[in-house]
Amino acid sequence: MKFTCTKNNFNNGINIALKAVPGKTTMPILECVVIEAQGESIKMTTNDMQLGIETKIPAEVQEEGIILVNAKMIAEIVRRLPDDDVNFEVDDNNNILLFCGKSKFNIPGINHEEFPMLPQIDIEKKIVISQFTLKEMIRQTIFSISDNESNKILTGELFEINGDEFKIASLDLVRVSIRKIQLKESYDHIKVVIPGKTLNEISKILTGGTEDEVIISFSRNHVLFEFDETVVISRLIEGNFYNIEQMLKSSYETKVKVNKQEFFGCIDRATLLTREADKKPVILNIRDNEIQMEMNTKIGSMDEEVNASKEGKDLRIAFNPKYIIDVLKVIDDEDVYLYLFNSNAPCFIKNNEESYIYLILPVNMN
């Protein structure tokens, strides 16, 4: 096996492949990457048994072949090489010779036959979406998945397609995030739960171009993402997702319109008085033309008003400030609308088209 490629291409490829290398595992072989030289490209494959990645980079292949090597080690070596072409050779004893500029490495390779390559899946349904749209939808919902592994379904996001409507939703039992778009085409009904880890890694790899597309394919147990020169395959999370539509059936008695940046600035300043262990809420006093915000902690207190437009009743309500900040960070609109019922009922933040809906539970002011 022998090939030459640029350091930049090798570095980009191995960094993508690393996203499916487990941090801790009882199977050392899963810490490796399969490097295969074939035709005019190099294919790198990694698999942690839940998430698998294949990515290709252009290369000048002098001799085709395949080898297995520790992924993090080869990534660190390549990252620190000089900016020059990388010459990669494997001898008959699976020893890897790496030349770049005046640098030379000799490292042991491994026979690839025991490595669990990516499974072949029977695709049942697929959709096509722009990279930009998918990346944005993940960004605007991923923050409200749960990190509690005891309730596996909450560690993933719901992907649901009804005709030409595509919805992504996540929740962690104190908040819900929903993002909807209209697709260019109409599709059969699809409803699956994809691990949050998979979607986090996907969003990091996607270039996010509006003209670049992602093909998302579904089977009974897997989801497959294909884009650029990369394939990502992931197991789905089994089980029924929570009935989100039931949670959204709520009336309101107070509607508030407020400038997003001013609102965000006030709450962000309030958090200066909290420490990670603190559970102190930010209190919102909603009146006709303003929202007065209060924060009282062991460190100190703050009091600030922001201009707002209110319909309905005055209201005093408290929230974990982090939950509001998380939502405001991902909304791109100039103004946001809050819909509230009373101090114990959820707050909804949504636009008129309901292309995004965020639900946040209040906290006890005492």
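Above this note sits the structure.
Everything in this summary refers to the structure shown in the same document. This structure is a prediction, so every number in the text was calculated from the model and none was measured.

Quick word on the side chain of histidine 222
Thought 1: Tracing the chain through its elements places histidine 222 in strand 14 (residues 222-227).
Thought 2: When residues no more than four places from it in sequence are discounted, the contact partners of histidine 222 are Pro119, Ile121, Ser217, Ile233, Ser234, Arg235 and Leu236.

Topic: the packing of helix 1 (residues 7-17) against helix 2 (residues 71-79)
Thought 1: Running from amino to carboxyl end, helix 1 crosses helix 2 at an angle of 150 degrees, the nearest separation of the two axes being 10 Å. Our classification of the angle between helix 1 and helix 2 gives roughly antiparallel. You can see that helix 1 and helix 2 cross each other, and the crossing is left-handed. Mapping the contact onto sequence places Lys7, Phe10, Asn11 and Ile14 in helix 1 and Ala71, Ile74, Ala75, Val78 and Arg79 in helix 2.
Thought 2: Along the lines of polarity and charge, the residues of the contact of helix 1 with helix 2 split into six nonpolar, one polar and two charged.

Side note on the sheet that holds strand 10 (residues 125-130)
Strand-to-strand pairing in sheets goes through backbone hydrogen bonds, with the strands running parallel or antiparallel.
Thought 1: Spatially, eight strands are ordered 6-2-3-4-15-14-13-10 in an open sheet, and the strand pairing comes out antiparallel. Bordering the open sheet on either side are strand 6 (65-70) and strand 10, each of which pairs with just one other strand. Between one strand and the next, the sheet's axes are offset by a mean angle of 15 degrees, whatever the strand orientation.
Thought 2: Here helix 3 (residues 131-139) sits on the sheet in contact with strand 10, strand 13 (213-218) and strand 14, set at roughly 95 degrees to strand 10.
Thought 3: This element, helix 4 (residues 196-205), spans strand 4 (51-58), strand 14 and strand 15 (230-235) of the sheet and lies at about 5 degrees to strand 14.

Let's talk about unusual backbone geometry
For residues other than glycine, phi is negative in most cases, and the peptide bonds are mostly trans.
Thought 1: Even without glycine at this site, methionine 49 takes up a positive phi of about 80 degrees.
Thought 2: Structurally, the position occupied by methionine 49 is in the loop between strand 3 (41-47) and strand 4.
Thought 3: Assessed through its relative accessible area of 42%, methionine 49 is described here as partly exposed.
Thought 4: Despite not being glycine, aspartate 228 shows a phi value in the positive range, around 50 degrees.
Thought 5: By the secondary structure assignment, aspartate 228 is in the loop between strand 14 and strand 15.

Observations concerning the sheet that holds strand 22 (residues 347-350)
Thought 1: Taken together, the ten strands give an open sheet; going across it, the order is 11-12-23-22-21-16-19-18-17-20, and neighbouring strands pair in antiparallel fashion. In this open sheet, the two strands that pair with only one neighbour each are strand 11 (156-171) and strand 20 (315-319). In this sheet, neighbouring strand axes are inclined to one another by 25 degrees on average, regardless of whether the strands run parallel or antiparallel.
Thought 2: Relative to strand 21 (residues 335-340), strand 16 (residues 254-259) is paired through six bridges, and the arrangement is antiparallel. Residue pairing across strands places valine 258 opposite valine 336, the latter belonging to strand 21.
Thought 3: Sheet strands in contact with helix 6 (residues 260-270) are strand 16, strand 17 (282-286), strand 18 (290-296), strand 19 (301-312) and strand 21, and its direction is about 150 degrees off that of strand 19.
Thought 4: Across the sheet, helix 7 (residues 321-330) is in contact with strand 12 (175-195), strand 17, strand 18, strand 20, strand 21, strand 22 and strand 23 (356-360); its angle to strand 23 comes to roughly 175 degrees.

Criteria and cut-off values
Residues numbered from 1 in each chain as written. Predicted model: local features only at pLDDT ≥ 70, side-chain atom pairs only at ≥ 80, totals over all residues. Heavy atoms only, no water. Helix = DSSP H or I, 4+ residues; strand = E, 2+ residues; numbered from the N terminus. Contact = heavy atoms within 4.5 Å. Axes fitted to C-alpha atoms, helices over the stretch in contact; angles between N-to-C directions. Parallel < 35°, antiparallel > 145°, perpendicular 65-115°, else oblique. Left-handed = near helix turned anticlockwise from the far one by under 90°. Nonpolar A, V, L, I, M, F, W, Y, C, P; charged D, E, K, R; others polar. Pairing = 2+ DSSP bridges. Buried < 20%, exposed > 50% of the residue type's maximum accessible area, 1.4 Å probe, protein only.

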